[in-house]
Amino acid sequence: MLPFKLVYSDAYYLPIGNHVFPAEKYRRIRDRLIASGVAAATDFLEPEPATDQDILLVHKPEYVQKLRTGTLSPREEMEMEVPYSRDLVEAFWLAAGGSILAARQCLTNRVCISIGGGFHHAFPDHGEGFCMIHDVAVAIRRLQRDDKIRTAMTVDCDVHQGNGTASIFAGTRTASALLPSSSTSTVEQPATAPRGGKMRGAHAGDVFTISLHQHNNYPLWKPPSSIDVDLPDGTGDDDYLAWLDNALSSGLRQFEPDLLCYVAGADPYREDQLGGLDLSIDGLKRRDELVFRVAHARGIPVMVTIAGGYAQNVEDTVTIHCNTVIAAKEIFT
């Protein structure tokens, strides 16, 4: 039995047909965790769909109406890169509900992992890159609305920059004068930086966003996060972990989050079809351990979403995501 909960539903499955996004991975992760004895059936919580009111905390009414009525334009559907259906809308509403539940639960258990979510390319008024609704942003705004948290930090370790996250939280609310981040600060590349890459950023607002991603990859336009780490092609385990350590240290010197939202993408893996970094499966588990260790040491609750993963062998993607759960178990036991 785990010392924390996992959020999962069979309805997390995205009805998108034959697609590079392996929609069956969610069920496989759940099945592997139980079969291997990492988790028991009692460790899983079943989410409820987010309400339209929850979704509207982040997304524009016109966009939500188009999704609900199936009136997206051909261009809007093309940008989303997944075929629209009413069932797909319900799946994304459920993913947002799962992230809300995971965010709430981690305030009690220190960490909670949703076996889904992490749709960080969704914008307030449109979807992009397989992402219709920004579940993490919805969860943050819901907990803020309920006065459960005041501040949050997103740590995005997908291979693709979190452009939707950066846009949504680009100073959308006034920062508290008590926060060390209330004045704009610039992050310079440290003198002892690992090889390659570039760290840049400035911040003002109640949500601090960190994105660690391959520079020469989707999206072409990368709106600024609070901290962006632009990694060169082929970055491997050691340099990646050093950059992540730098970004976390810099972010947490500037900002005090009540909640850390970790987007644990599997696509920095060296055999990912949509990535160009060179991380091993072991390196990705060390990445997870680093995030969890830092949060645990500072007493920051962590909500995890598993995000992208497009390995040639879907079992590699499943292994990487299961390792995120194992890493949390090792750190938070």
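Residues numbered from 1 in each chain as written. Predicted model: local features only at pLDDT ≥ 70, side-chain atom pairs only at ≥ 80, totals over all residues. Heavy atoms only, no water.

## Remarks on the overall build of the chain
In terms of regular secondary structure, the chain is built from 10 helices and 9 strands. Along the first, second and third principal axes, the C-alpha set of the chain runs to 50 × 45 × 40 Å. Residues counted as buried form 60% of the 333 residues belonging to the chain. Counting only contacts in the chain whose residues sit at least 6 apart along the sequence, the fraction spanning at least 24 positions is 79%. With 31 positive and 43 negative side-chain charges, the chain shows a separation of 4 Å between the mean positions of the two kinds. (Helix = DSSP H or I, 4+ residues; strand = E, 2+ residues; numbered from the N terminus. Buried < 20%, exposed > 50% of the residue type's maximum accessible area, 1.4 Å probe, protein only. Contact = heavy atoms within 4.5 Å. Lys, Arg positive; Asp, Glu negative; His and termini not counted. Charge placed at Lys NZ, Arg CZ, Asp CG, Glu CD.)

## Examining the environment of L248
Counting through the fold element by element, L248 comes out in helix α8 (residues 237–254). The exposure class of L248 is buried, given its relative accessible area of 1%. A C-alpha to C-alpha distance of 8.0 Å links L248 and V294, two positions 46 residues apart in sequence.

## Examining the sheet that holds strand β3 (residues 111–114)
Spatial strand order, β2-β1-β3-β9-β8-β4-β6-β7-β5: 9 strands in an open sheet with mixed pairing. Either end of the sheet is taken by a strand with one partner, and the two such strands are β2 (44–45) and β5 (198–200). As paired strands, β3 and strand β9 (residues 302–305) are joined by 4 bridges and run parallel to one another. In the strand pairing of β9, V111 is matched with V302. (Pairing = 2+ DSSP bridges.)

## Section: the packing of aromatic side chains
Considering all chains together, one arrives at 11 aromatic pairs under this definition. When the ring of F21 is compared with that of Y26, the centres are 6.3 Å apart and the planes differ by 50°; the resulting orientation is tilted. For the residue pair F21 and Y26, the accessibility class agrees, reading buried in each case. Seen from their ring centres, Y262 and F292 are 5.9 Å apart, and the 90° between their planes marks the pair as edge-to-face. Separated by 30 residues along the polypeptide, Y262 in strand β8 (residues 259–263) and F292 in helix α9 (residues 281–298) bring together distant segments of the chain. Residues Y262 and F292 agree in their burial class; the two are buried. Three or more aromatic residues link up through ring pairs in this structure, and these residues are Y8, Y12, F21, Y26, F44, F130 and Y310. The ring of W93 carries R68 above its face, with NZ or CZ at 4.5 Å from the centroid. (Phe/Tyr/Trp six-rings, centres within 6.5 Å; stacked < 30°, edge-to-face > 60°. Lys NZ or Arg CZ within 6 Å of the ring centre and 35° of its normal.)

## Things to note about the pattern of salt bridges
One pass over the structure, following the stated rule, counts 18 salt bridges. A salt bridge links R27 to D31, with the nearest nitrogen and oxygen atoms 3.5 Å apart. Taken together, the residues R27 and D31, both in helix α1 (residues 25–35) and 4 residues apart, mark about one turn of the helix. Residue classification places R27 among the partly exposed positions, given a relative accessible area of 40%. Among the residues examined, D31 registers a relative accessible area of 32% and is labelled partly exposed. Across the pair R287 and D288 runs a salt bridge whose closest N-O atoms are separated by 3.1 Å. Within this structure, D54, R104, R142, R145 and D146 form a network of salt bridges that share partners. (Salt bridge = Lys/Arg side-chain N within 4 Å of Asp/Glu carboxyl O.)

## Brief notes about helix α10 (residues 314–332)
Because each turn of an α-helix spans 3.6 residues, side chains separated by three or four positions end up pointing in the same direction. For α10, which comprises 19 residues, the first-to-last C-alpha distance of 28 Å matches the rise-based estimate of 27 Å (1.5 Å per residue) to within 8%. When you tally the buried positions in α10, you get 14 out of 19 residues, the bulk of the element. The N-cap of α10, judged by a side-chain oxygen 3.0 Å from the amide nitrogen of E315 a few residues on, is N313. (Expected span 1.5 Å × (residues − 1). Polar contact = N/O pair within 3.5 Å; in protein donor to acceptor, adjacent residues only side chain to side chain.)

## Considerations on α9
The terminal C-alpha atoms of α9 lie 26 Å apart, and with 18 residues this matches the ideal 26 Å at 1.5 Å per residue to within 8%. All of the buried residues along α9 are G283, L284, K285, R287, D288, E289, L290, V291, F292, V294 and A295. In this fold, the buried residues of α9 make contact with β3, β4 (152–156), α8, β8, β9 and α10. Following α9 by one or two positions, G299 has its phi on the positive side, about 70°.

## Brief notes about the pairing of β9
Because side chains alternate across β9, one face comprises the buried residues V302 and V304, and the other comprises M303 and T305, equally buried. Following the backbone out of β8, through α9 and into the adjacent parallel β9, one traces a crossover that is right-handed. (Right-handed = clockwise from strand over helix to strand, strands pointing away.)

## With respect to the pairing of strand β6 (residues 207–214)
Along β6, 8 of the 8 residues are buried, which leaves the element largely enclosed by surrounding structure. Sheet analysis places β4 next to β6, joined by 5 bridges and oriented parallel. Counted as the bridge partner of A152 is V207 from β6. Examined bridge by bridge, β6 and strand β7 (residues 227–231) share 5 bridges and lie parallel to one another. The partner of S211 across the bridge, within β7, is D228.

## Let's talk about the nonpolar core
Grouped together as the largest cluster of nonpolar side chains are 109 residues, with contacts concentrated most on L14, L33, M132, I133, V155, Y262 and F292. Top element by residues in this core is helix α5 (residues 86–109). It accounts for 12 residues. With residues up to four places along the chain from it excluded, the contact list for M132 reads H59, Y63, L67, M80, Y84, L88, V89, F92, A122 and G127. (Core = buried A, V, L, I, M, F, W, Y, C linked by side-chain atoms within 4.5 Å.)

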